[in-house]
Amino acid sequence: MKITKVETIWFEALPQAEWAKRNATARQALPNNLWVQVYTDTGLIGLGETYYLPRAVASIVHDVLAPLLIGRDPRDIENHWSNMFALINFCGPMGAEMRAISALDVALWDLLGQIAGQPIYAILGGRSRERVRIYNTCVGAGKYPDLDAWLNGRAGELAEDLLRQGITAMKIWPFDQFGPPLSGPGKEREPMVVWGAVTAAGTLGHAISNDDLKRGIAIVEDIRKAVGDRMDIAIEGHARWDLPSAVRIARALAPYDIVWLEEIMPPDNVDAYVRLKRETSIPICQSERVFTRFGFRPWIEKGATDIVMPDLSWGGGLTEGRKIAAMADTSYLPLTCHDTIGPVALWAASHLMLSAPNGLIMETVRAYTDGWYNDVVTDRIDIRDGMLGLPDRPGLGTKLQPDFFARPNARIEVTTEENLKAW
């Protein structure tokens, strides 16, 4: 058995006015994603996905990594990962390069499951649980204007609506709005639109006023007043604050039984988080901007995090994800996986979350799982009563929609054995 072809697909953005006519209530999400398919001489096809800089990632897939895969046995996943990582590590491995490896790695695991006739979770060692609890990251799209709700005085109503669906945990980012945006001097309160939406990215905030601190806390208070302790609340920081500001935010949040404080500072300085942990009783979650087991190692060894949250489609695929999970489990730390990016990434992460002994909770966005995710893949992921499950089907358990490649502005590229002979 051998790999015969590697294929990528991504989408050029449509003019926003044209997009809005076709999609009145959804943001233009597809141009941020890249899908990868790995073909074999048996007719089986593996599917992977990543997010951010799809043109750059596609070039790495075809120009650098496909030649390491084509003609080789798809089942040799550890060797493929080591080869790809060794090649890109020669010039620096993180960013678009690691996203390319991640997407290809997930596609290879999908293939391995199909070859074995087993779900990925079975190949990872079987299930530790039948279903995994979910939380809702409160992004808005389609019929769920969740972001608008909690930003505009209706956080309590949103929590009540989530509970009606059986969802008992939610994540919000109430302090981002007070951090400096990317808009430049003189525009410190003007949000920056990137990729058709207000970006969560911003420069580092070195002070937060008492008034802004109270306004952020008021959103959390609204949830507690509406639903009491029936809702777990996670706070996302999007790496927007320095250490003194992070300490102030953590101290202000402490009375509200916060389930975790996630990436309130950039992840570039592990020791700063060690200092933060000394100042707060709120559990610290370190997340998707840390890539590979090498990246997570100091966080775990230095005691800088309480919850470990990799993104499998950014930080090394399932091959690295299972090693990060084991490393966290060795230190008695729980695992959660990041997903606000795409359906294939969610399916892949869910396999690990069902298998890992220390799997805690899975991130989802109901506006996506009940929205545009279903335009991409053939199967709606099974979420009921605040729990997620997967079917007993080989591989990932889903595929791209049959009409996916025919959609407007699709950019498809392939590398085959014949292509490589021409090099």
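Residues numbered from 1 in each chain as written. Predicted model: local features only at pLDDT ≥ 70, side-chain atom pairs only at ≥ 80, totals over all residues. Heavy atoms only, no water.

1. Side note on the sheet that holds strand S2 (residues 33–40)
Picture the strands of a sheet paired through backbone hydrogen bonds; they go either parallel or antiparallel. The strand order S3-S2-S1-S16 describes an open sheet built from 4 strands, whose pairing is antiparallel. Sheet topology places strand S3 (45–51) and strand S16 (410–416) at the edges, where each strand pairs with a single neighbour. Ignoring which end each strand starts from, the neighbouring axes of this sheet average 20° apart. With 7 bridges joining them, strand S1 (residues 3–11) and S16 adopt antiparallel strand pairing. Counted as the bridge partner of Phe11 is Ala410 from S16. Packing against the sheet, helix H2 (residues 54–69) makes contact with S1, S2, S3 and S16, and its axis sits at approximately 180° to S1. Along the sheet, helix H13 (residues 343–355) contacts S2 and S3; its crossing angle with S3, the most-contacted strand, is approximately 110°. (Pairing = 2+ DSSP bridges. Helix = DSSP H or I, 4+ residues; strand = E, 2+ residues; numbered from the N terminus. Axes fitted to C-alpha atoms, helices over the stretch in contact; angles between N-to-C directions. Contact = heavy atoms within 4.5 Å.)

2. Comments concerning empty space enclosed by the protein
Applying the stated criterion across every chain, the model contains 2 cavities of 30 Å³ or more. Its volume calculated, the largest cavity comes out at about 50 Å³. Along the walls of the largest cavity sit Pro343, Leu346, Trp347, Thr369, Tyr373, Asn374, Val377, Asp379, Arg380 and Ile381, which together make up its complete lining. Looking at the lining of the largest cavity element by element, the count peaks at 3 residues for H13. (1 Å grid on protein atoms, 1.4 Å probe; cavity = no way out; pocket = protein on both sides within 12 Å on 5 of 7 lines; lining within 4 Å. Points joined across faces, edges and corners; volume = space filled by probe spheres on them.)

3. Describing the nonpolar core
Counting residues in each nonpolar core, the largest one holds 131 residues, and the members touching the most others are Trp35, Ile172, Leu253 and Leu276. For this core, the leading source of residues is helix H4 (residues 96–116), giving 12 residues. Judged by nonpolar contacts, the second largest core, of 8 residues, contains Tyr135, Cys285, Ile307 and Ile361. (Core = buried A, V, L, I, M, F, W, Y, C linked by side-chain atoms within 4.5 Å. Buried < 20%, exposed > 50% of the residue type's maximum accessible area, 1.4 Å probe, protein only.)

4. What to know about the pattern of salt bridges
Applying the stated rule across the entire model yields 26 salt bridges. Across the pair Lys143 and Asp370 runs a salt bridge, and its minimum N-O distance is 2.9 Å. Taken as a pair, Lys143 in the loop between strand S4 (132–137) and helix H6 (146–151) and Asp370 in the loop between helix H14 (366–369) and helix H15 (373–376) lie far apart in primary sequence, 227 residues in all. A relative accessible area of 58% places Lys143 in the exposed class. With its nearest N and O atoms 2.9 Å apart, the salt bridge here joins Glu301 to Arg297. Placement of the pair is Glu301 and Arg297 together in helix H11 (residues 292–301), with a separation of 4 residues, close to one helical turn. According to the relative accessible area criterion, Arg297 is partly exposed, its value standing at 47%. Through salt bridges that share partners, Asp146, Asp161, Arg164 and Arg366 make up one connected network. (Salt bridge = Lys/Arg side-chain N within 4 Å of Asp/Glu carboxyl O.)

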